[in-house]
Amino acid sequence: MIVAATPDAVARAAAHIRAGGVVAFPTETVYGLGADATNALAVARLFEIKHRPSFDPLIVHVSASEELPALVTAIPPAVHELAARFWPGPLTVILPKTERIPDIVTAGLPSVAVRVPDHPVALELIRRAARPIAAPSANRFGYVSPTAAAHVAEQLGHRVEIILDGGSCRVGIESTVVSFLAEPPQLLRAGGITLEDLEAVIGRVAIPTARQPGVAPGQLDRHYAPHTPVDLVESPAAVPERDRCGAALLLVQPTAYPPGFARVEVLAEDGELRRAAANLFAALRRLDAGGFTRIYAVAIPERGLGRAIMDRLQRAAA
């Protein structure tokens, strides 16, 4: 049930989490499906609702960086530097975990992913629950992430008792994930904080040559995908004329395109990548509901936020 995120509703949702329940709530990235991260049975219910495989670890959300020492055994200086710059915000760090976090949260790994979300409803929910909250995106596993309460209700509404409506998500794509289990740190998932942002604070951050399923959230090759097939192309002209009929064209930024497409959607008419990222998942949902034969998405350079946008498009097309 969707409810406006009033103080009373947030308090009710927090009590539900303390009692072992699961609720959906907004963050600045996407809507999360949250459970008490210290309650293994509650987290198991979360996996069941989402149809998420147990080998895919979760991100634990806390309300302040001061809560980190209770969850992890070591905090490198670079993590303190990033936390001071980017928390609250769309940055997740992976560190060795304490026994407080059950193995089901981390898929049996000795490390845990943690972040501080930048959304007043999420922060108030965590504070009132007085628990760290384990929360993947509030959708069926593998499908397009939800950036509005209605998106959650479309897929999970009958399975989630409370969906806190905090409006549309400002960032619109998942958090950046950085592992501090090796030196230099590794960028495991591009997101709302860019590689350039990270390196401006802590120096070199490595990018693994391949994704690492089971090591961090969001590492599967196919993910964030609509049901309609997605093809990634270098330009609109690369789509043969015969294939345009009945197909949709997805542009990150305005560019010239040939005639023949059934629909053309531009994520950011002003060319601003932050706007494009915020609109990406909602646009994929609209196109998926349009009955098109295919969705042709035009690639952009992988720098800045373009790296995160391309990561989502590549996996939608995998």
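Structural data are supplied above this passage.
Note that this is a predicted model, so its numbers are computed, not measured. (Residues numbered from 1 in each chain as written. Predicted model: local features only at pLDDT ≥ 70, side-chain atom pairs only at ≥ 80, totals over all residues. Heavy atoms only, no water.)

Peer 1: For this particular structure, what's the right way to read the overall build of the protein?
Peer 2: Per the secondary structure count, the protein includes 10 helices and 14 strands. Whereas a compact globule of 318 residues would reach a radius of gyration of roughly 20 Å, the protein reaches 19 Å, a difference of no more than 12%. Principal-axis analysis of the C-alpha atoms places the extent of the protein at approximately 60 × 45 × 30 Å. For the protein, buried positions account for 57% of its 318 residues. Of the contacts formed within the protein by residues at least 6 apart in sequence, a portion of 67% connects residues at least 24 apart. As displayed, the protein offers around 12,400 Å² of accessible surface, 52% of which is attributable to carbon and sulfur atoms. Looking at the protein, you have 31 positive and 32 negative side-chain charges, and the mean spots of the two groups are 3 Å apart. (Helix = DSSP H or I, 4+ residues; strand = E, 2+ residues; numbered from the N terminus. Rg over C-alpha atoms; globule rule 2.2 N^0.38 Å. Buried < 20%, exposed > 50% of the residue type's maximum accessible area, 1.4 Å probe, protein only. Contact = heavy atoms within 4.5 Å. Areas by Shrake-Rupley, 256 points an atom, 1.4 Å probe, with all protein chains shown as cover. Lys, Arg positive; Asp, Glu negative; His and termini not counted. Charge placed at Lys NZ, Arg CZ, Asp CG, Glu CD.)

Peer 1: What's the story with the sheet that holds strand β4 (residues 59–61) in this structure? I'm lost.
Peer 2: Sheet strands associate in pairs through backbone hydrogen bonding, adopting either a parallel or an antiparallel arrangement. The 10 strands lie next to each other as β1-β8-β2-β3-β7-β4-β6-β5-β9-β10, forming an open sheet whose pairing is mixed. With one partner strand each, in any of the chains shown, β1 (2–4) and β10 (186–189) form the two edges of the open sheet. With four bridges joining them, strand β5 (residues 91–96) and strand β9 (residues 176–179) adopt parallel strand pairing. Bridge assignment links Ile-94 to a residue of β9, and that residue is Ser-179. (Pairing = 2+ DSSP bridges.)

Peer 1: Would you explain helix α5 (residues 120–129) in this entry?
Peer 2: Since the α-helix advances by 3.6 residues per turn, residues separated by three or four positions end up pointing in the same direction. Of the residues making up α5, those classed as buried are Val-121, Ala-122, Leu-123, Leu-125, Ile-126 and Ala-129. Buried-residue contacts for α5 involve α1 (7–18), β2 (23–25), β4, β7 (133–134) and β8 (162–165). Where α5 ends, the next residue or the one after it, Ala-130, has phi of about 55°, a positive value.

Peer 1: What should I look at first to understand the side chain of Gln-155 in this one?
Peer 2: For Gln-155, the position within the fold is in helix α6 (residues 149–156). Overall, the relative accessible area of 15% leaves Gln-155 in the buried class. Excluding its chain neighbours within four sequence positions, the residues that come into contact with Gln-155 are Asn-139, Arg-140, Tyr-143, Val-144 and Arg-285.

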